[in-house]
Structures are given as structure tokens and as C-alpha cells.
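# Residue-level structure breakdown
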Amino acid sequence: MEYFCYHRDRLGSLPLREELLEEHWSYMDGYEKELIARGPTFAGDGETPTGSVHIVDLPDPAAARAFAFDEPNYQAGAYRDVLLRRWRNLLGRTMWEFPGGPSGSDRYLVLGLGSGPAADVDVPSDRDDLIAFGPLLSDDGSTWLGTAVLLRAPDPDTARAVLTADRYADVEVHDWEAGGRR
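Residues numbered from 1 in each chain as written. Predicted model: local features only at pLDDT ≥ 70, side-chain atom pairs only at ≥ 80, totals over all residues. Heavy atoms only, no water.

### Let's talk about the pattern of salt bridges
Applying the stated criterion across every chain yields a total of six salt bridges. Its salt-bridge partner being D139, residue R65 comes within 3.4 Å of it at the nearest N-O pair. Of this pair, R65 sits in helix α3 (residues 61-69) while D139 sits in the loop between β6 (130-137) and β7 (144-152), and the two are 74 residues apart along the sequence. Close ionic contact of D129 with R127 constitutes a salt bridge, the shortest N to O distance being 2.8 Å. Judged by its relative accessible area of 13%, D129 is buried. Residue class for R127 comes out partly exposed when judged on its relative accessible area of 26%. Taken together, the shared-partner salt bridges in this structure form one network comprising R8, R80, D81 and E172. (Salt bridge = Lys/Arg side-chain N within 4 Å of Asp/Glu carboxyl O. Helix = DSSP H or I, 4+ residues; strand = E, 2+ residues; numbered from the N terminus. Buried < 20%, exposed > 50% of the residue type's maximum accessible area, 1.4 Å probe, protein only.)

So this is what it looks like as C-alpha cells:
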């Protein structure tokens, strides 16, 4: 079962995140084979971290909750909240298999938080800019709750346009960078 996990930073937590960087990376090393995508999000300045995305394949909801809440930054109080949802990998690949490579600029996380009938449940055609794409689902996988996308785009408005307009209660666009040890 695939899960989308987005830890949102607590205001002023950058020094704590920097202090725990090696612990965070070591923790994620333990999930190397299960990770589909990972990486930090940033404020509009492109430098101030605002959160951390992890898409991971785990056996069940209990394992996903353990992954999200045992993470060292979460345990130390660096994050203000966690979005954890079942997710379906509609591209069938990891970020490391993205034809454009795992790194580069102009990459975004787009979160469409659902309301009403499901939207964007199929991969858009003719989109070679998609790094990860899939629906956010309830724990049992039966209810659509939104859509999460990682993609390469020239600007936030173009990134936002990957989702169907007016089909979401809220859409968030975050600068994103592929994560992992440097």
C-alpha cells in the first residue's frame, strides 16, 4: 500500500531540523527500498524549508503511522502537523526513474484537497513533466480525498494547472526539491 506523507514545519524550527539532519537521513535510509519519492518543500524564497514530503510503500496503515510519527523531526517537535493519506502511484515509478532525472529546479508539490466527486483520477495525457501523480485516499482506499502531484514546471501557476480547476476545496502549491543524502 502506498502512502503520501507531508510533514509541515513548525515556524522557527529550521535550527532544530538542521541539528537533526543526520538523524532524519539515517531514519529514511531504513526505508530506502520503500520510498517512491521524498524531499523538502520551501517558501517562496526557494530557501526556507516549509515541510518534508515522503511517498512510501508500506504494508498497512499502522506501518504508515509508525513511519510518519516515529520520524526524528516529528518526535523532536520540528513539525506542526502531518498529512498522511493512502495514495495510488498512477505513474508506477519512483522519482529516481523520472526521465528528467531526480534533481533540478522548477519542481513543485501540488496538493488538491478534495471536495465532492473525485477528480483527476487518471494520469493527464501528454505530460512528460510529472514526477509522481496519484489520488489521496481514505485509509481503506475506498474514498477519494484529493490528489497529490510532484512535477517540473516553469512557475507555480503552471504547476497548479495540472489539476482540474474548481474541483477542489483547496489547492496548495509548494516549491519542492528531490530529497536524500547529498
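Moving on from the coordinates now.
### Focus: the layout of surface pockets
Each pocket or cavity is described by its volume, and for the second largest pocket that value is around 170 Å³. Residue lining of the second largest pocket: 13 residues in total, with D9, R10, L11, P49 and T50 positioned closest to the centre. Elements that contribute at least two residues to the lining of the second largest pocket include exactly β1 (2-9) and β3 (49-57). Top element by residues in the lining of the second largest pocket is β1. It accounts for three residues. Its residues assigned to classes, the lining of the second largest pocket shows four nonpolar, five polar and four charged. (1 Å grid on protein atoms, 1.4 Å probe; cavity = no way out; pocket = protein on both sides within 12 Å on 5 of 7 lines; lining within 4 Å. Points joined across faces, edges and corners; volume = space filled by probe spheres on them. Nonpolar A, V, L, I, M, F, W, Y, C, P; charged D, E, K, R; others polar.)

### Digging into the pairing of strand β8 (residues 168-176)
The pairing of strand β2 (residues 35-42) with β8 spans two bridges and is classified as antiparallel. Within β8, the position partnered with F42 by the bridge is D175. As judged from the seven bridges shared by strand β5 (residues 107-114) and β8, these two strands associate in the antiparallel manner. The partner of L113 across the bridge, within β8, is D170. (Pairing = 2+ DSSP bridges.)

### Some thoughts on the sheet that holds β2
With antiparallel pairing, eight strands are arranged side by side around a closed barrel as β1-β3-β2-β8-β5-β7-β6-β4. Each adjacent strand pair in this sheet contributes to an overall mean axis angle of 30 degrees, direction not counted. Helix-sheet contacts for helix α2 (residues 21-29) involve β2, β3 and β4 (79-87), and the interaxial angle to β2 is about 160 degrees. (Axes fitted to C-alpha atoms, helices over the stretch in contact; angles between N-to-C directions. Contact = heavy atoms within 4.5 Å.)

### Description of the packing of aromatic side chains
Across all of its chains, the model carries five aromatic pairs by this definition. Considering the side-chain rings of Y27 and F67, the 6.1 Å spacing of their centres and the 35 degrees angle between planes classify their relative orientation as tilted. Taken together, the residues span a long stretch of sequence, with Y27 in helix α2 and F67 in helix α3 at a distance of 40 residues. Arranged with centres 4.9 Å apart and planes meeting at 65 degrees, the rings of F69 and Y74 form a pair that is edge-to-face. The class for F69 is partly exposed, based on a relative accessible area of 28%. (Phe/Tyr/Trp six-rings, centres within 6.5 Å; stacked < 30°, edge-to-face > 60°.)

### A short note on the environment of Y3
Inspection of the secondary structure puts Y3 in strand β1. The exposure class of Y3 is buried, given its relative accessible area of 2%. Between the C-alpha atoms of Y3 and L136, which are 133 residues apart in sequence, the distance is 8.3 Å. Once residues within four sequence positions are removed from consideration, Y3 is found in contact with H54, I55, V56, L58, D60, P61, A64, L84, R85, R86 and W87.

### A closer look at α3
Residues spaced three or four apart along an α-helix point in a common direction, a consequence of the helix completing one turn every 3.6 residues. Along α3, the positions that sit buried rather than exposed are A64, F67 and A68. End-on view of α3: buried residues confined to an arc of 95 degrees, all on one side of the axis. In this fold, the buried residues of α3 make contact with β1, α2, β3, α4 (72-76) and β4. The backbone nitrogen of A62 has a side-chain oxygen 3.1 Å away, supplied by the residue at the start of α3, namely D60. (Arc of directions from axis to C-beta. Polar contact = N/O pair within 3.5 Å; in protein donor to acceptor, adjacent residues only side chain to side chain.)

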